[in-house]
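Survey of secondary and tertiary structure
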Amino acid sequence: MSIAFLGFWALLVNVSDVQAQLPFHGGRGPTFVRSAWNLEPGYLTLYTHTRFFGKVVNTTPTPPATGTTAYGYWNVQGGAALNYGISRHFEASLVPMIYQDTNQGGKGFNIPDDIFLRLKIGSLGQRGATMSYAIELGTRFPTGKTHNIPLEPYSAGKFSFGTTGIVSFARDPLYPEDGFSAHFNLGYWNHNDVGQALSATTTVTKMTQEFLYGASIILPSEKFNFRFEILGSAFINAPPTAAFSRTPVAYITPGVSYKAYRWMSIDASSYIRLSGTPGQNSAPLRQDGLPPYSAWRVSLGAKITLLPTSLYSMSERDLLMRKAESRRELFEQIIKEQRETESAEAELERIKDERRKAERELERLRRILEGEARRQQQDGQNGDDGSQPPQ
C-alpha cells in the first residue's frame, strides 16, 4: 500500500504546474475529483459546501498619509450540489454557488454566484471489472454579478463549457466504495470570453482555453474515508494580464469523511498550495502584493441522500440483503455473459467441424474423380494398342 501511494504521489507532483478549476460535486467517489461511478437510478443526493481563507495584511497607505494599515483579508465561498441518477449510465448534477467573496467594489460579494450544470455518461466498462470509465459534459452559467475574482479560478462572466474524461479503479469491483480506489480526470474547458472586458482598459481578444486534471485515492474504513486529491489546470491560451488568475498553480487536498449514517456523511478537507506564486505577467492583488491564489484553504461539507427515502428506515439486515441481491444480480450477469461466450465458442467449434467435414467430402470427391479419370485414360490406352478381338 505504501509503495503504491508513493508511486501515485511521485506521478502527480511531477505534472505541470496547474490551476484548480473543478468545483465540488455530490456524486460517488471523492469530493472534488470525479469518479466514473454513477449514482444508482432514482438516487438524489445533496452536498452542502463551504471553504474559506483568511490573512492579516499590513499595507502602507498612499501619501501624504503615514504609518501602516492592517486589515483582515477573507475569501469565503458557499454552495450546494444536487446529483441525480437518471439511469445506470447517465447522471446529472446542478451546482449553484450561493455565496462568493469578490473583495472588489460594491458589496464585495456575489449572492448568488455562478451555476454549474453537468451531465455524466458513466459506469462504462465490463460489469465486475476493476476499471470503470466515464465522460462528463459541463457548462457554467454566469449568474454572479462580479467576475475575474482574486484568489479564485479564472472566470470572465461569459457562458463557458467543457468536457472531462474519467477513469476509476476499484480494488473490490463488487463493492467499490468499501475498498481502496483511485480516480483520474483529464478535461478541456473553453471560457468563451472573446470580447469580454476584464477591466476598463483590457478586453479579451483571444479565446481562453485550458486543460483540466484531477487525481485522487481513497482509503476507506468502517466509519471514515481518508482521501488525497490533486486538482488543477494548465492554460492552452492564457487570459490577458488583467486577469487575477492566470498563473500556474497546484493544490493537494487531503481530507476525511465521517459516515455518520448510511444516508449522511460529513467531510473536512484542507487545500495546500504546492506552487503558484505570481509571475512577471500576472496581475498583483491591490497594492499589498498578495499572490493570485491563497496558500491554504479549509473546506467543510455534508452529503445527504434525499432519495430514495427508504434508506432512512432501512435496517442493517435490509442493507446487507440489498448488497447480497446486487451481488447476485452481478453474478447472474457475469454467468449469462459467460454462457453467451461459451455458446458462441460452441457454435464456432460446430462451424469448424462442419467445415472440416466439408473439406473431407471434397477431398473424397476429388479422389473419386481422379480415379475415374485414370481409369478412363487406361481404357483409352487399351483400346488403341492394335490388338484384335478373338474370332
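Quick caveat: nothing in here was measured; it's all calculated off a predicted structure. (Residues numbered from 1 in each chain as written. Predicted model: local features only at pLDDT ≥ 70, side-chain atom pairs only at ≥ 80, totals over all residues. Heavy atoms only, no water.)

Quick look at the overall build of the chain
The secondary structure content of the chain amounts to three helices and 13 strands. For the chain, the residues scored as buried account for 40% of the 391 residues in total. By sequence separation, contacts in the chain at least 24 residues apart represent 66% of the contacts at least 6 residues apart. For the chain, the accessible surface area stands at approximately 21,100 Å², while carbon and sulfur atoms represent 59% of it. (Helix = DSSP H or I, 4+ residues; strand = E, 2+ residues; numbered from the N terminus. Buried < 20%, exposed > 50% of the residue type's maximum accessible area, 1.4 Å probe, protein only. Contact = heavy atoms within 4.5 Å. Areas by Shrake-Rupley, 256 points an atom, 1.4 Å probe, with all protein chains shown as cover.)

Remarks on the pairing of strand β13 (residues 296-307)
Relative to β13, strand β1 (residues 44-59) runs antiparallel, the two being bridged by nine bridges. Each residue of the ladder has a partner; that of Y47, found in β13, is K303. Where strand β12 (residues 264-275) lies against β13, nine bridges are found, and the strand directions are antiparallel. Bridge pairing links I272 to W296 in β13. (Pairing = 2+ DSSP bridges.)

Regarding the pattern of salt bridges
A complete count under the given rule lists 12 salt bridges for this structure. One salt bridge in this structure joins R51 and E152, with 2.8 Å as the shortest N-O distance. Here the residue R51 occupies a position in strand β1, and E152 occupies one in the loop between β6 (131-141) and β7 (160-170), the gap between them amounting to 101 residues. Overall, R51 belongs to the buried group, its relative accessible area being 6%. Judged by its relative accessible area of 5%, E152 falls in the buried class. Two residues, D114 and R140, come together in a salt bridge whose shortest N-O distance is 2.9 Å. Note that D114 is positioned in the loop between β4 (109-110) and β5 (115-124) and R140 in strand β6, a separation of 26 residues in sequence. By relative accessible area, D114 is classed as buried at 1%. (Salt bridge = Lys/Arg side-chain N within 4 Å of Asp/Glu carboxyl O.)

Section: the packing of aromatic side chains
We describe a pair of aromatic rings using the distance from one ring centre to the other and the angle between the two ring planes. Enumeration according to the criterion identifies 12 aromatic pairs in this entry. Each ring, one from F141 and one from F159, has its centre 5.3 Å from the other, and the planes form 55 degrees; the classification is tilted. Of this pair, F141 sits in strand β6 while F159 is found in the loop between β6 and β7, placing the two residues 18 residues apart along the sequence. Taking relative accessible area as the criterion, F159 reaches 34% and is therefore assigned partly exposed. Relative to Y312, the ring of W263 lies with its centre 5.1 Å away and its plane at 80 degrees, an arrangement referred to as edge-to-face. Highlighted residues: W263 in the loop between β11 (250-261) and β12 and Y312 in helix α2 (residues 310-313), separated in sequence by 49 residues. Residue classification places W263 among the partly exposed positions, given a relative accessible area of 23%. On the basis of relative accessibility, which here comes to 38%, the residue Y312 falls in the partly exposed class. The rings of F32, Y251 and Y271 are connected pair by pair, giving a single aromatic cluster. Above the face of the Y271 ring, R51 is positioned so that its terminal group lies 5.9 Å from the ring centre. For the cation-ring pair, R297 lies above Y251, with the distance from its terminal atom to the ring centre recorded as 5.2 Å. (Phe/Tyr/Trp six-rings, centres within 6.5 Å; stacked < 30°, edge-to-face > 60°. Lys NZ or Arg CZ within 6 Å of the ring centre and 35° of its normal.)

Some thoughts on the confidence of the model for the chain
For the chain, mean pLDDT is 83; residues scoring 70 or higher make up 81% of the total. Across residues 1-20 the pLDDT falls below 50, and counting only partners more than four positions away or on other chains, this stretch makes 43 contacts in the model. (pLDDT = per-residue confidence, 0-100.)

Overview of the pairing of strand β8 (residues 181-190)
Across the 10 residues of β8, seven count as buried, placing the element largely inside the fold. Pairing geometry for β7 and β8, over 10 bridges, is antiparallel. By the bridge assignment, T164 is partnered in β8 with G187. With 10 bridges connecting them, β8 and strand β9 (residues 209-220) associate as antiparallel partners. Across the sheet, residue N185 finds its bridge partner in β9, namely G214.

Comments concerning the environment of G162
Following the sequence through the fold, G162 ends up in strand β7. For G162, a relative accessible area of 11% corresponds to the buried category. Those residues in contact with G162 that lie beyond four places of it in its chain are E136, L137, G138, Y188 and W189.

A short note on the nonpolar core
One finds F24 and V95 to be the most contacted residues of the largest nonpolar core, which totals 13 residues. Beyond its immediate stretch of four places on either side in the chain, F24 contacts T31, F32, R34, Y47, H49, Q77, G79, A80, A81, V95 and M97. Ranked by size, the runner-up nonpolar core spans six residues in total, among them A156, L198, A242 and A243. (Core = buried A, V, L, I, M, F, W, Y, C linked by side-chain atoms within 4.5 Å.)

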